[in-house]
Amino acid sequence: MVDRPQLGPTIFVLFGATGDLSKRMVLPAFFQLARSGLLNSEWMLIGTGRGNVSDDQFRDHVRDVVNQFGVPHDDTDWETFARRLRFAGGGFTPDNPGTLPAAVRQARDDLDAADAQLVHYLALPPSTFAETTRALGAHDLARGARVVYEKPFGTSHEAFTELDEAVHHVLDEKQIYRIDHFLGKESTQNLHILRFANGLIEGVWNREHVEQVQIDVPETLDIDDRARFYDATGAVLDMLVTHLFQVAAEIAMEPPETLGADDLQSARETVIGAFRPLDTADVVLGQYEGYRDVDGVADDSTTETFVAARLWVDTDRWRGVPFLLRTGKMLGVSRQRVSLVFRSPRGPLSDIPPDGAVLTFDLSGDGEIDISMVVKEPGPDDTLSVGHLGLPLDTVPLAHALAPYSRLILDVLHGDRSLFTRPDGLAHVWTVADALLRDPPPAKPYPAGSMGPPEAEDLASPCGWLVTGSPD
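Residues numbered from 1 in each chain as written. Predicted model: local features only at pLDDT ≥ 70, side-chain atom pairs only at ≥ 80, totals over all residues. Heavy atoms only, no water.

Q: It is not clear to me how the sheet that holds strand β3 (residues 85-88) should be interpreted in this structure. Could you clarify?
A: Strand pairing in a sheet takes place through backbone hydrogen bonds and is either antiparallel or parallel in direction. Across the sheet, which stays open at both edges, the 6 strands sit in the order β3-β2-β1-β4-β5-β6 with parallel pairing between neighbours. Of all the strands in the sheet, just β3 and β6 (176-178) have a single pairing partner and so form its edges. Strand-to-strand twist in this sheet, taken as the mean axis angle between neighbours without regard to direction, amounts to 20 degrees. (Pairing = 2+ DSSP bridges. Helix = DSSP H or I, 4+ residues; strand = E, 2+ residues; numbered from the N terminus. Axes fitted to C-alpha atoms, helices over the stretch in contact; angles between N-to-C directions.)

This is the structure:
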């Protein structure tokens, strides 16, 4: 990451501050930024919610959170952080501001910074985005502010359009940050860095050399305490039209003129416009056995916990190359991998493994880049085998990786929209998924611990899914 100018005073308002997303992602990320010295010395974090929680009670909650999910720290780190935590209760609607406006005014006084940058982070259910945005406008908390929206931004093309209009009625586009934490991962960013900085890679990044692309995010996790949210959302909205489509755009985009925010966003959104609408015959949905027994899930729920899809990108670079997308809950392994499977070359060798030459980006943790290639086994015969070269990104000299949410929050604080989505691309995402959302195929049952319904295997032929239920 390039050097950036020092941040000015900041007031960070966290809606849904005691919810699961804030607990697992947002608060630990903000603590990492403070612990790493990446914030201005003058900042304040105000949590909001319906309850009347005291500042000290909120601090106790945040301490439990950073102890469980945050970076290692000592008492001095915590005490420095805790002094800048506040809570504003009483709810927040267009008709009732609660105590938030007063808390923001007090924070400006405490920081002695009337011009402090105001950032609102909506770690809330998507159904509340429009009303919360209207409330920001109604109570004079929108002017000059930056507003972060969690995914999904809408649940259909119609819902997206309605939400986009409601948000733009209050905010300018440059104030809006639609977050997708997969774009903040170090390995996701390396998809275009490795490609554009290395002629060896850029020269084969096309349909002439690539047989298929796999974007595979199986999870062993269940739906935990997100049951009510998940049963109203499902794998298609939670993962496919958000994370996986955005990663597909990172792979498929044409080279931008620069890696500046406008050029990078334009390249990503332009190629999303070339995504062919999904054919439901190219989609397999599944639901793990026992899902309906989870507290908070309807007894007759048809919500999918698994989706595998074959996506086509109608550009000269990728026409005819399937992009295979898969994710699901309660599967045999947890992985986050992007793989380009290269075509077998024509020549004197036969019986070349169909998945012998693969470039893989591991998006989990600090990330890793792996290249597999066909080699000769040592010995007297020309027996072919597959070897691997791996580059863990945390071994790169002077590596100082930030967690994805930390990176994206820091970008918001700096006003850098490079890794955030734009409405033109999102509008087409909903067009691509429209037929699937309107008339989805039935979710097929699959055993917990498997790799999903067997019908999904056919989508990935002839190579098959590279991630299997067996440990690597």
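Q: Is there a simple way to explain empty space enclosed by the protein in this structure?
A: Using a probe with the size of a water molecule, rolled over the atoms, empty space left in the structure can be pinpointed. Summed over the entire model, instances satisfying the criterion amount to 2 cavities of 30 Å³ or more. Approximately 120 Å³ is the volume found for the largest cavity. Around the largest cavity, the lining comprises 15 residues; the ones closest to its centre are Lys 151, Phe 153, Thr 242, Thr 421 and Leu 426. Taken together, the elements giving at least two residues each to the lining of the largest cavity come down to α10 (234-252) and α13 (423-438). Residue classes in the lining of the largest cavity are distributed as 8 nonpolar, 3 polar and 4 charged. Estimates place the volume of the second largest cavity at around 30 Å³. In terms of lining residues, the second largest cavity is bounded by Glu 219, Tyr 230, Ala 235, Asp 238, Met 239, Thr 305, Thr 327, Gly 328 and Lys 329. Residue composition of the lining of the second largest cavity, by class: 3 nonpolar, 3 polar and 3 charged. (1 Å grid on protein atoms, 1.4 Å probe; cavity = no way out; pocket = protein on both sides within 12 Å on 5 of 7 lines; lining within 4 Å. Points joined across faces, edges and corners; volume = space filled by probe spheres on them. Nonpolar A, V, L, I, M, F, W, Y, C, P; charged D, E, K, R; others polar.)

Q: It is not clear to me how the UniProt feature "binding site: NADP(+)" (unreviewed entry) in the protein chain should be interpreted in this structure. Could you clarify?
A: This chain's UniProt record puts "binding site: NADP(+)" (unreviewed entry) on Gly 16, Ala 17, Thr 18, Gly 19, Asp 20, Leu 21, Ser 22, Lys 23, Arg 50 and Lys 151. Those annotated residues lining the largest cavity are, specifically, Lys 151. Among the structural elements, Ala 17 can be located in the loop between β1 (10-15) and α1 (20-35). Other than its neighbours up to four places away in sequence, Ala 17 contacts Ser 22, Leu 27, Gly 47, Thr 48, Phe 58 and His 61. The topology assignment puts Ser 22 in helix α1. (UniProt positions renumbered as here; feature names shortened; annotations may be inferred. Contact = heavy atoms within 4.5 Å.)

Q: Looking at this structure, I do not really get the environment of Val 294. What am I missing?
A: Relative to the assigned elements, Val 294 resides in the loop between β8 (283-288) and β9 (306-312). Every residue in contact with Val 294, bar those within four places of it in the chain, is listed here: Ile 223, Ala 227 and Tyr 288.

Q: Got a minute to help me understand a nonpolar patch on the surface in this structure?
A: Taken together, the side chains of Ile 371, Met 373, Val 375 and Leu 389 define a hydrophobic patch exposed on the protein surface, amounting to about 300 Å² of accessible area. Of all the elements, strand β13 (residues 368-376) adds the most residues to the nonpolar patch, at 3 residues. Within the secondary structure, Met 373 is located in strand β13. (Patch = residues over 30% accessible without salt bridge, like charges linked within 9 Å, V, L, I, M, F, W, Y side chains within 5 Å. Areas by Shrake-Rupley, 256 points an atom, 1.4 Å probe, with all protein chains shown as cover. Salt bridge = Lys/Arg side-chain N within 4 Å of Asp/Glu carboxyl O.)

Q: Would you explain helix α5 (residues 129-138) in this entry?
A: The α-helix advances 3.6 residues per turn, and as a result positions three or four apart in sequence lie on the same side. The set of residues buried in α5 consists of Phe 129, Ala 130, Thr 132, Thr 133, Ala 135 and Leu 136. Each element contacted by the buried residues of α5 is listed here: β1, β4 (117-122), β5 (146-149) and α6 (157-168). Positive phi shows up at Asp 140, right after α5, with a value of about 60 degrees. (Buried < 20%, exposed > 50% of the residue type's maximum accessible area, 1.4 Å probe, protein only.)

Q: Explain the packing of α10 against helix α11 (residues 261-272) here, please?
A: The packing of two helices is summarised by the inter-axis angle and the distance between the axes. Following both chains from N to C, one finds α10 and α11 inclined at 105 degrees, their axes separated by 9 Å at the closest point. With respect to α11, the axis of α10 lies roughly perpendicular. Along its contact with α10, which presents Gln 246, Ala 249, Glu 250 and Ala 252, the element α11 presents Arg 268, Val 271 and Ile 272. Tallied by class, the residues present in the contact of α10 with α11 amount to 4 nonpolar, 1 polar and 2 charged. (Parallel < 35°, antiparallel > 145°, perpendicular 65-115°, else oblique.)

Q: How should I be thinking about the packing of aromatic side chains in this particular structure?
A: The description of two aromatic rings rests on the distance between their centres and on the angle between their planes. Within the structure shown, the criterion is met by 19 aromatic pairs. Each member of the aromatic cluster is reached from another via a ring pair, and the members are Phe 12, Phe 30, Phe 31, Trp 43, Trp 78, Phe 81 and Tyr 121. Above the ring of Phe 153, the side-chain terminus of Arg 178 is found at 5.0 Å from the ring centroid. (Phe/Tyr/Trp six-rings, centres within 6.5 Å; stacked < 30°, edge-to-face > 60°. Lys NZ or Arg CZ within 6 Å of the ring centre and 35° of its normal.)

Q: Any chance you could explain α10 here in plain terms?
A: Compared with the 27 Å implied by 1.5 Å per residue over 19 residues, the 26 Å span of α10 between its first and last C-alpha is a close match. Taken as a whole, α10 carries its principal kink of about 40 degrees at Leu 240. (Expected span 1.5 Å × (residues − 1). Bend = angle between axes of the 7 residues up to and from the residue.)

Q: Where do I start with the packing of α5 against α6 in this structure?
A: In the contact formed by α5 and α6, the axes pass within 9 Å of each other and the chain directions differ by 10 degrees. Classified by the interaxial angle, the pair formed by α5 and α6 is roughly parallel. Taking contact as the criterion, the partners of Phe 129, Ala 130, Thr 133 and Arg 134 in α5 are, on α6, Leu 163, Ala 166 and Val 167. Broken down by class, the residue content of the contact of α5 with α6 amounts to 5 nonpolar, 1 polar and 1 charged.

Q: What am I meant to see in the sheet that holds strand β15 (residues 444-446) here?
A: Here 9 strands make up an open sheet; going across it, the order is β14-β13-β12-β11-β7-β10-β9-β8-β15 and the pairing mixed. Whereas interior strands pair on both sides, the edge strands pair on one side only; in this sheet they are β14 (384-392) and β15. Going from strand to strand, the sheet's axes swing by 20 degrees on average, the running direction of each strand aside. Summarising the sheet, β8 and β15 pair through 3 bridges and their orientation is parallel. What sits directly across from Gln 287, in β15, is Pro 445. Packed onto the sheet, α10 meets β7 (210-218), β8, β9, β10 (322-328) and β11 (337-342) and runs at close to 145 degrees relative to β10.

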